[in-house]
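Structure at a glance
So you can see what is in the structure, the chains are spelled out below.
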Amino acid sequence: STFIFDGSLGVGTASPANRIEAYGTGHEKVIATSTGDAHAVGFQAEQDADGTSQKWQMQTAAGTTGFQIRDATDGRVDMHFDGAGNVGIGTTAPNDLLDVRGNIQTSGTFFLSGSDLGGKIARVDTNEVALYAGTTEEMRLGVTNSYLKGTNWHFAGSGYMRISGTNTQLQF
C-alpha cells in the first residue's frame with residue numbers, strides 16, 4: 001500500500017514533533033526485512049545543505065550476514081561488521097576482531113593485552129613514545145633522545161648500531 005500525506009507520521013503518539021516518530025513502553029524496534037539474497041536492508045540519512053548533498057547508510061551487507069555503515073555519496077563502506085564478530089574499518093573483509101586498513105591516530109595510550117602479551121605504547125613526553133612490556137618501560141623513541149631499557153637485549157642478524165649519536169659503530 002502507498003500512503004501519501006503532507007505532515008508528520010506518529011506511531012504510538014498523536015502529536016509527533018518530527019516527520020516520523022515512534023513511541024512505545026517497551027523495547028521498541030523498527031524492522032525491515034528482505035528475503036532476497038542480493039538485497040540490502042537499511043536506513044539512509046540524507047542532508048542537502050547549500051546544494052551539497054551527503055548521504056549516509058546503515059544497512060545489511062547484501063548477500064551476507066554482515067552490516068555496514070556507508071558513505072553513499074562516495075560509494076564507500078567506512079565500517080563493516082562481518083557477522084562473525086569481526087569489524088573492519090577501511091575493509092569489507094576483516095581478518096580479525098578489529099581490522100583497520102589505514103592510519104590510526106590516538107591522543108591517549110594504546111594498550112596491548114592478552115594471554116601472551118601485556119603492555120602499552122604510550123606518549124610519555126612532548127616528543128617521545130615509550131614501549132612497555134607489562135608495566136616496565138623497555139624502549140623510548142624520541143625526536144631528541146631514543147634509548148633502550150631493560151637488562152637483556154638480543155640483536156639478531158647483521159648490520160650496524162650507532163651509539164650515543166657518535167660515529168662509533170658496532171658490527172653484528
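What counts as what
Residues numbered from 1 in each chain as written. Predicted model: local features only at pLDDT ≥ 70, side-chain atom pairs only at ≥ 80, totals over all residues. Heavy atoms only, no water. Buried < 20%, exposed > 50% of the residue type's maximum accessible area, 1.4 Å probe, protein only. Helix = DSSP H or I, 4+ residues; strand = E, 2+ residues; numbered from the N terminus. Pairing = 2+ DSSP bridges. pLDDT = per-residue confidence, 0-100. Axes fitted to C-alpha atoms, helices over the stretch in contact; angles between N-to-C directions. Lys, Arg positive; Asp, Glu negative; His and termini not counted. Salt bridge = Lys/Arg side-chain N within 4 Å of Asp/Glu carboxyl O. Polar contact = N/O pair within 3.5 Å; in protein donor to acceptor, adjacent residues only side chain to side chain. Contact = heavy atoms within 4.5 Å.

Quick look at the pairing of strand β11 (residues 128–133) now. Because side chains alternate across β11, one face comprises the buried residues Glu128, Ala130 and Tyr132, and the other comprises Val129, Leu131 and Ala133, none of which is buried. Relative to β11, strand β10 (residues 119–125) runs antiparallel, the two sharing six bridges. Residue Ile121 lies in a different strand from β11, and its bridge partner there is Leu131. Linking β10 to β11, which pair antiparallel, is a turn of two residues. Pairing geometry for β11 and strand β12 (residues 136–142), over six bridges, is antiparallel. Bridge pairing in β12 links Ala133 to Thr136. In this antiparallel pair of consecutive strands, β11 and β12, the connection spans two residues, and Gly134 shows a positive phi of 65 degrees.

Okay, the confidence of the model for the protein next. Taken residue by residue, the protein gives an average pLDDT of 79. The fraction at 70 or more is 82%. No element of the protein has a lower mean pLDDT than strand β15 (residues 169–171), at 51, and none a higher one than strand β7 (residues 87–89), at 95.

A word on the sheet that holds strand β4 (residues 52–60). The six strands lie next to each other as β3-β4-β5-β6-β7-β8, forming an open sheet whose pairing is mixed. Of all the strands in the sheet, just β3 (42–49) and β8 (98–100) have a single pairing partner and so form its edges. The mean angle between the axes of side-by-side strands here comes to 15 degrees, regardless of whether they run parallel or antiparallel. Pairing geometry for strand β5 (residues 67–71) and strand β6 (residues 76–81), over five bridges, is antiparallel. Residue pairing across strands places Gln68 opposite His80, the latter belonging to β6.

Let us now look at the pairing of β6. Counting the residues between successive antiparallel strands, the hairpin from β5 to β6 contains four residues, one of them, Gly75, with a positive phi of roughly 70 degrees. As defined by bridge partners, β6 adjoins β7 across three bridges and the pair is classed as antiparallel. Opposite Met79, over in β7, you have Ile89 as the bridge partner. The loop that links β6 with its antiparallel partner β7 comprises five residues; one of these, Gly83, has a positive phi angle of about 90 degrees.

Considering the arrangement of structural elements, one finds Arg70 in strand β5. Nearest to the buried, unbridged Arg70 among oppositely charged side chains is Asp71, at 8.1 Å. Here the side chain of Arg70 touches Gln57 through a polar contact of 2.5 Å, side chain to side chain. Sequence-distant contacts of Arg70, defined by excluding residues within four places in its chain, comprise Lys55, Trp56, Gln57, Gln59, Gly75, Arg76, Val77 and Asp78.

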